[in-house]
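Structural description and commentary
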Amino acid sequence: MRRGPAFAAVLLLAGCSTGPSLETRGEVTAPPGDSHHLTIGSAGFTESDLLAQMYAQLLNQAGYKTSLLTVANRELYEPALESGQIDVVPEYAATFADWLNAKTNGADAAPVGSPDLDATMAGLRRLATPRGLTVLDPGRAVDQNAFAVSASYARQHQLRTLSDLGASGLEVRLAAGDECVQRPYCAPGLKKTYGIDVTGVDPKGVGTTQAKRAVQNGQDQMVLTTTTDATLSGFGLVLLADDKRLQNADYVVPVVNRSRAGGTGVTKALGALNAVLTTADLASMNQQVDSWRRLASDVARTYLKDKGLLK
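Residues numbered from 1 in each chain as written. Predicted model: local features only at pLDDT ≥ 70, side-chain atom pairs only at ≥ 80, totals over all residues. Heavy atoms only, no water.

Things to note about the overall build of the chain
Note the cut-off: Numbering of helices and strands runs from the N terminus, with a helix taken as a DSSP run of H or I at least four residues long and a strand as a DSSP run of E at least two residues long. Radius of gyration here uses only the C-alpha atoms, and the compact-globule reference equals 2.2 Å multiplied by the residue count raised to the power 0.38. Should any heavy atoms of two residues lie within 4.5 Å, those residues are considered in contact. The Shrake-Rupley method, run with a 1.4 Å probe sphere, supplies the accessible areas, and residue values consider only the shown protein chains as cover. Charged residues are defined here as Lys and Arg on the positive side and Asp and Glu on the negative side; His and the ends of the chain fall outside this count. Where a charge lies is defined by one atom per residue type: Lys uses NZ, Arg uses CZ, Asp uses CG and Glu uses CD.
Within the chain, the secondary structure is distributed over 12 helices and 11 strands. Here the chain has a C-alpha radius of gyration of 20 Å; the compact-globule value for 311 residues is 19 Å, and the two agree. Projected onto the principal axes, the alpha-carbon positions of the chain cover approximately 60 × 45 × 30 Å. Long-range contacts, defined as pairs at least 24 residues apart, comprise 76% of the intrachain contacts of the chain with a sequence gap of at least 6. Accessible surface, the chain: about 14,100 Å² in total, of which carbon and sulfur atoms supply 50%. Taking the average place of the 30 positive charges on the side chains of the chain and the average place of its 31 negative ones, the gap between the two points comes to 5 Å.

Quick look at the structure:
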């Protein structure tokens, strides 16, 4: 995926541990810090790059000096966030909650993320705080798994929601990742929650061009993608609403290292984005980078200026 400039590529992790120790984890004694040189992390895909650029530009305007660092693997960037090598990172509430839960309580721990945003945030903060991390408030933007069908198929069968599809009794072959066969949010959830007759999973990946073309040409009837996928209309596809809330609350949330970026300055600067950034906005910006080949830094700057958040 295309990335904006000024992203460093190397992260040194060995021997660094300025976060809470195992002995002190569980109680947070240090006051929130306010370092004026902050490193913003990105997970290396378009949307994460865009969010990191917006965070950096808002913090720059608030008087902070920022640098950006791309670390594509959460297994690397989360410990770096704890240690203070990374100070701020954009995350997704339910996914990050479940990741921290597995790290803390083991891979077989009962999930913390759920479709309930308040419960998810409470669980996420409970797990993040002992690690020296502060989870800021979520905004309106959410990047959840979503399911799309062709617009002509939706019109023919009068489908607007996943409940409509379940009630139709239609047999559905689903283009998705091979893990969809077992994941509760995917084929099993579609059957259990909506009564959709999923006859098979075509392992073409999540939201890939190949998967969308399979639905476009009628080989498959539905594709697993995300709510911020801005390319659907180009394939003649439309999303069906998750009206029974099968998917978890993956709202965009900034996560900060408390000892370096837990002060009110960072919270206020990034909180301004919450009031304006929507799921549709993220989808549009993703499209500008992925399809129009614009730089993430330019797209982020234009958006913030258009919304009156950047001078």
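Some points on the confidence of the model for the chain
Keep this limit in mind: Scored from 0 to 100, pLDDT reflects the predictor's confidence in each residue.
In the predicted model, the chain carries a mean pLDDT of 91, and 90% of its residues have values of at least 70. pLDDT under 50 marks residues 1–27. Its contacts with residues more than four places away, or in other chains, come to 55 contacts.

Notes on the side chain of Arg 74
Heads up, the rule is: For this analysis, a polar contact is any N or O atom pair within 3.5 Å, provided that within protein one partner can donate a hydrogen and the other can accept it, and provided that sequence-adjacent residues contribute only side-chain to side-chain pairs.
Here Arg 74 lies in helix H2 (residues 74–83). A distance of 2.8 Å separates polar atoms of two side chains, one belonging to Arg 74 and the other to Glu 91. Those residues in contact with Arg 74 that sit more than four places away from it in its chain are Pro 79, Glu 91, Thr 95, Phe 96 and Trp 99.

A word on the side chain of Gln 144
Note on placement: Gln 144 falls in the loop between strand S5 (133–135) and strand S6 (145–150). Separated by 2.7 Å, the side chain of Gln 144 and the backbone oxygen of Asn 248 make a polar contact. The contacts of Gln 144, once residues within four sequence positions are left out, are Thr 225, Thr 226, Thr 227, Gln 247, Asn 248, Ala 249 and Asp 250.

Details of the layout of surface pockets
Empty pockets left among the atoms are what a rolling probe the size of a water molecule brings to light. Which entries qualify depends on this criterion: Residues are said to line a cavity or pocket when one of their atoms sits within 4 Å of a point; the points come from a 1 Å grid over protein atoms alone, cavities being sets where a 1.4 Å probe fits but cannot get out and pockets being open sets with protein on both sides within 12 Å along at least five of seven lines. Grid points are joined across faces, edges and corners, and a volume is the space filled by probe spheres set on the points. Under the scheme applied, nonpolar residues are Ala, Val, Leu, Ile, Met, Phe, Trp, Tyr, Cys and Pro; charged residues are Asp, Glu, Lys and Arg; polar residues are all the others, including Gly.
Empty space within the largest pocket amounts to approximately 1,600 Å³. Surrounding the largest pocket, 47 residues form its lining, Thr 95, Asp 143, Asn 145, Thr 226 and Asp 250 being those nearest its centre. Contributing elements (two or more residues each) for the lining of the largest pocket: helix H1 (46–61), H2, strand S4 (88–92), helix H3 (93–105), helix H8 (209–216), strand S9 (222–226) and helix H11 (279–290). When its residues are assigned to classes, the lining of the largest pocket shows 18 nonpolar, 18 polar and 11 charged.

Notes on the pairing of strand S8 (residues 197–203)
For clarity, the threshold we go by: We call two strands paired when DSSP finds no fewer than two bridges between them. Convention used here: a crossover is right-handed provided that the path from the first strand, over the helix, to the second strand proceeds clockwise when the strands point away from the viewer.
As paired elements, strand S7 (residues 171–176) and S8 share 6 bridges and run parallel to each other. Within S8, the position partnered with Ala 176 by the bridge is Pro 203. Remark: the S7/helix H7 (residues 187–194)/S8 crossover connection has right-handed handedness.

Re the pattern of salt bridges
Convention followed: For this analysis, a salt bridge means a side-chain nitrogen from Lys or Arg found within 4 Å of a carboxyl oxygen belonging to Asp or Glu. Accessible area is worked out with a 1.4 Å probe on protein chains only. A residue is then buried under 20% of its type maximum, exposed over 50%, and partly exposed in between.
The full count for this structure, using the stated rule, is 11 salt bridges. The closest approach of N and O atoms between Arg 260 and Asp 87, which form a salt bridge, is 2.4 Å. Residue Arg 260 is found in helix H9 (residues 258–261), and its partner Asp 87 is found in the loop between H2 and S4; the two are separated by 173 residues along the sequence. By relative accessible area, Arg 260 is classed as partly exposed at 26%. Overlapping salt bridges, with partners in common, bring together Glu 78, Glu 82, Lys 103 and Arg 131 in one network.

A closer look at the sheet that holds S8
Defined as follows: For helices, the fitted line uses only the C-alpha atoms of the stretch in contact; every axis is such a line through C-alpha atoms, and the angle between N-to-C directions lies from 0 to 180 degrees.
One open sheet holds the 5 strands; their spatial order is S8-S7-S9-S6-S10, and the pairing between them is mixed. Edge strands, defined here as strands with exactly one partner in the open sheet, are S8 and strand S10 (237–240). Mean inter-strand twist for the sheet, computed between neighbouring axes without regard to direction, equals 40°. Helix-sheet contacts for H7 involve S6, S7, S8 and S9, and the interaxial angle to S8 is about 165°. Contacts from H8 reach S6, S7, S8, S9 and S10 within the one sheet, and its direction differs from that of S9 by about 145°.

Concerning the packing of H11 against helix H12 (residues 296–306)
To keep it simple, the criterion reads: In a left-handed crossing the near helix is turned counterclockwise from the far helix by less than a right angle, and in a right-handed crossing that turn is clockwise.
Closest axis-to-axis distance for the H11/H12 pair is 9 Å, and the angle between their directions is 145°. The two elements H11 and H12 meet at a crossing, and its hand is right-handed. Residues Asp 281, Met 285, Gln 288 and Val 289 of H11 form the contact with H12, whose participating residues are Ala 296, Val 299 and Tyr 303. Residues of the contact of H11 with H12, tallied by class, amount to 5 nonpolar, 1 polar and 1 charged.

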